[in-house]
Amino acid sequence: MNRHISHPSSQNTAASVRQFRPRSPSATFVQVLLAGAVAIALAITGCTKKRFDENDNTLNLVLRANVKGLDPASANDQYSATVIAQMYEGLLAYNYLKRPFTLQPALAEAMPEISKDGLTYTFKIKKGIKFHDNAAFPENKGREVTAQDFVYSWKRLADPRNVSEGFWIFDGKIKGLNEWATAVKNEKANYETPVEGLQTPDSHTLVIKLTGVYHQLSYVLAMPFAAVVSREAVDKYGKEFLNNPVGTGPFVLEKSSDWVRNSKITLKKNPTYRTDLFPAEGMPGDAEKGLLVDAGKQLPFADKLVFNEIIEDQPRWQNGLKGNFDWVEIPKDNFDNAVAKEDRTKIVPDLAAKGLTLDITPALDVTYIGFNMTDSILGKNKLVRQAMSKAFDSKTYIEKFLNGRGIASQGPVPPGIDSYEADFKNPNAAFDVAAAKALLEKAGFPEGKGLPEFTYEGLSDSTARQGAEFFVQSMAAIGIKVKINSNTWPQFQEKIKAQKAQIFGIAWGADYPDAQNFFQLFYSKNKTPGPNDTSFNSVEFDNAYEASLKLAPGVERTKLYTKMRDIVAEESPWIFNAHRLGYKLVHGWVGNFKWTEVAYDYPKYIRIDPKKRAELGNKL
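On a predicted model such as this, the values are computed, not experimentally measured, just so you know.

Q: Just to check I follow, could you spell out the side chain of aspartate 542 for this structure?
A: Position of aspartate 542 relative to the elements: it lies in helix 17 (residues 539–549). Lacking a salt bridge, the buried aspartate 542 has lysine 525 as its closest oppositely charged neighbour, with an N-O distance of 7.1 Å. Not counting the four nearest positions on each side in its chain, aspartate 542 is found in contact with Phe522, Tyr523, Ser524 and Asn537.

Q: Explain the pattern of salt bridges here, please?
A: Two side chains carrying opposite charge are able to pair once their charged atoms lie near each other. Applying the stated criterion across every chain yields a total of 38 salt bridges. Between aspartate 276 and arginine 274 there is a salt bridge; the shortest N-O distance is 3.6 Å. Comparing aspartate 276 with arginine 274 shows no difference in burial state: the two are buried. For the salt bridge of arginine 316 with aspartate 313, the shortest nitrogen-to-oxygen distance reads 2.3 Å. Of this pair, arginine 316 and aspartate 313 both sit in helix 8 (residues 313–321), three residues apart, which is roughly one turn of the helix. Both residues of the pair, arginine 316 and aspartate 313, belong to the buried class. In the salt-bridge network here, residues are joined through shared partners; they are Glu89, Arg274, Asp276, Asp601 and Lys604.

Q: Would you mind showing me how to read the nonpolar core here?
A: Across soluble globular proteins, nonpolar side chains show a tendency to be buried alongside one another. Counting 162 residues, the largest nonpolar core has Phe170 and Met388 as the members making the most contacts within it. Once you skip the residues sitting within four places of it in the chain, phenylalanine 170 turns out to touch Trp154, Leu157, Leu177, Asn178, Leu217, Val220, Leu221 and Ala226. Listed in part, the 13 residues of the second largest apolar core include Trp317, Val328, Ile330 and Phe335.

Q: Hey, could you run me through the layout of surface pockets in this one?
A: Taking a probe equal in size to a water molecule and rolling it over the atoms shows the remaining empty space. Size it by volume and the largest pocket reaches roughly 730 Å³. What lines the largest pocket is a set of 29 residues, and nearest its centre among them are Lys289, Asp359, Thr361, Lys594 and Trp595. At the level of secondary structure, the elements contributing two or more residues to the lining of the largest pocket comprise strand 13 (357–362) and strand 20 (590–591). Per element, the largest residue contribution to the lining of the largest pocket is six residues, and it comes from strand 13. Class assignment for the residues of the lining of the largest pocket results in 13 nonpolar, ten polar and six charged.

Q: I tried to follow the packing of aromatic side chains on my own but got confused; where do I start?
A: The way to describe two aromatic rings as a pair is by their centre distance and the angle between their planes. Tallied over the entire structure, the rule returns 38 aromatic pairs. Measuring from ring centre to ring centre gives 6.4 Å for tryptophan 168 and phenylalanine 225, while their planes differ by 85 degrees; the resulting arrangement is edge-to-face. Remark: phenylalanine 225 occurs in the loop between helix 6 (217–220) and helix 7 (231–237) and tryptophan 168 occurs in the loop between helix 4 (147–158) and helix 5 (177–185); sequence separation between them is 57 residues. An identical accessibility class is assigned to tryptophan 168 and phenylalanine 225; each is buried. Judged by centre distance (5.8 Å) and plane angle (70 degrees), the rings of tyrosine 397 and phenylalanine 401 are edge-to-face. You can see tyrosine 397 and its partner phenylalanine 401 sitting in helix 12 (residues 394–401), four residues apart, about one turn around the helix. Phenylalanine 401 shares its class with tyrosine 397; the two are buried. Among the aromatic residues, ring-to-ring pairing joins Tyr368, Phe519, Phe522, Tyr523, Phe536, Phe541, Tyr545, Tyr561, Trp574 and Phe576 into one connected group.

Q: Looking at this structure, I do not really get helix 12. What am I missing?
A: For an α-helix, 3.6 residues make a turn, and residues three or four places apart therefore share a direction. Buried within helix 12 we find Ser394, Tyr397, Ile398 and Phe401. The buried residues of helix 12 all sit within an arc of 105 degrees when viewed along its axis, so they share a single face. Counted as exposed and oriented over 90 degrees from the buried face of helix 12: Lys395, Glu399 and Lys400. Along its buried surface, helix 12 packs onto strand 15 (406–408), helix 14 (462–476) and strand 19 (574–586). The residue sitting at the N-terminus of helix 12 and contributing the capping side-chain oxygen is aspartate 393; that oxygen lies 3.3 Å from the backbone nitrogen of lysine 395. Among the residues trailing helix 12, asparagine 403 stands out with phi positive, at a value near 55 degrees.

Q: In this structure, what is going on with unusual backbone geometry? I would like to understand it.
A: When glycine is set aside, most residues are seen to have a negative phi, and most peptide bonds are trans. Residue proline 300 is bonded to the preceding leucine 299 through a cis peptide linkage, with omega at -5 degrees. Here proline 300 lies in the loop between strand 10 (264–269) and strand 11 (304–309). Cis geometry marks the peptide bond from threonine 528 to proline 529, where omega comes out at 15 degrees. Among the structural elements, proline 529 can be located in the loop between helix 16 (516–519) and helix 17. Not every positive phi belongs to a glycine, and serine 419 is a case in point at roughly 95 degrees. Mapped onto the elements, serine 419 comes out in the loop between strand 15 and helix 13 (433–442). Taking relative accessible area as the criterion, serine 419 reaches 10% and is therefore assigned buried. Despite not being glycine, serine 572 shows a phi value in the positive range, around 55 degrees. Here serine 572 lies in the loop between helix 18 (555–571) and strand 19.

Parameters and conventions
- Residues numbered from 1 in each chain as written.
- Predicted model: local features only at pLDDT ≥ 70, side-chain atom pairs only at ≥ 80, totals over all residues.
- Heavy atoms only, no water.
- Helix = DSSP H or I, 4+ residues; strand = E, 2+ residues; numbered from the N terminus.
- Buried < 20%, exposed > 50% of the residue type's maximum accessible area, 1.4 Å probe, protein only.
- Lys, Arg positive; Asp, Glu negative; His and termini not counted.
- Salt bridge = Lys/Arg side-chain N within 4 Å of Asp/Glu carboxyl O.
- Contact = heavy atoms within 4.5 Å.
- Core = buried A, V, L, I, M, F, W, Y, C linked by side-chain atoms within 4.5 Å.
- 1 Å grid on protein atoms, 1.4 Å probe; cavity = no way out; pocket = protein on both sides within 12 Å on 5 of 7 lines; lining within 4 Å.
- Points joined across faces, edges and corners; volume = space filled by probe spheres on them.
- Nonpolar A, V, L, I, M, F, W, Y, C, P; charged D, E, K, R; others polar.
- Phe/Tyr/Trp six-rings, centres within 6.5 Å; stacked < 30°, edge-to-face > 60°.
- Arc of directions from axis to C-beta.
- Polar contact = N/O pair within 3.5 Å; in protein donor to acceptor, adjacent residues only side chain to side chain.

Shape descriptors only; they carry no functional weight alone.
Quick look at the structure:
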């Protein structure tokens, strides 16, 4: 997104949600912040009467960063991918309830038939699946999806003219696809030119032939990058396709004006959506939690889905408490007032009395500070990078700015994923100012003398600015000067992808539950604008990474994952920070809530009880 989330979402790709050293904010700053919160609250509560209508089952969600666009080929951050996944679908998806995360068919009839050598995947595609009704089609009626649509969509991902941030999922993996892309670049091929590895023996059969074993193929086919798009829509809207989504998903953007840039996106239930039922099986305990009450019922449950984009913590939190959003993350500054001090797994009685509940879910993510490895100073000086890493106190950061809701990361792989070792200690992640100064002196820059002032790129919200200041103060302790540039999320992403960000704070959330998804962030062939945002380049790492791709899950692959972890720990292209725990407050009218870290299609499973919302909403 990830996925920079991103994050990388997830990023996940997950977006950077870096927290900061609390300062004594001036009255003016607080007043401005509160004024903003009140203004936004008033703007939203202007519709309070309607939203608390006992017949209104709209699902109201909030995003902490702005959406870049609605084209699956650009779904490389959590926020854009979350919205895109409501309108677009691929062959596979995750079971909403099962853990560990389990894939299941989406637009495919069944899981693929895989040849004995693992090089050929055959998918049968469900019949009768329709694209959204749209002006791109005759009489505005969406046509049936065919296997050829997937071939077109994946060629589009590979087309160098589109500069897709998602081609890495197929790059070098499908027979003939890279050659086709090169030929297109040289104007010697077009979309009618066949690709050996993408065959359609009939209208609803897709055969994928691989260049080598690709154990992560099924995972990437569940990502928004691999969703099916219609050629008619791409042709009609051209560069405006990112503002005019036409997929097969449970929700539709009826008109472009339903997306108010940097503010709100309103989606409506897709009236031609396929048969898609709530899962009939879950995990032990799910039935007791009421998560199987809707088993077998048609999705989605909400008639309307509204994504509000609010980048500042306090307006987002205040609106969440007022019931303007159906759930909300707990910001660091509100943690002690929301969670019981004697038991951090419970919320305070006042909130519980309003029908709110607390959801705690470990995030499959890592937050980090990246160095641009093409930078003439930082990229060539491992000792400087190691010194800066040792000067950053991630434990203090987690305690003071995440309220202890995280684990100090020693490498890129989070707990719960193969190759994570709870006992591993990265020597360059150990906070030690004296050792950091010694490394700087060894590098020829005692007390930072001789180094230029560096630039840290971050987001523009107040929490992100505070986090940037924490980093600046940490570096000042060893004599390194850093200035801060604040950006919107799209600006931030653009700078990183253009290698114009010297140092940047960000996060990555798992696209899928495999450590490869984190290690691919260091593979040289994925350098930016691919997911390797630091453009890290190591032959030793690349060799281990490529060898790991040929192995099924097992001891030998885990050994290679461990080797790659040790290489990046030594080379320090990142300052490793934290693996986070997600704390969310969920309103009492929300049904079927089970947070997921890798699947973006969760809104269709949520059931709002509008009568209960009208009742509880009056207490907020």
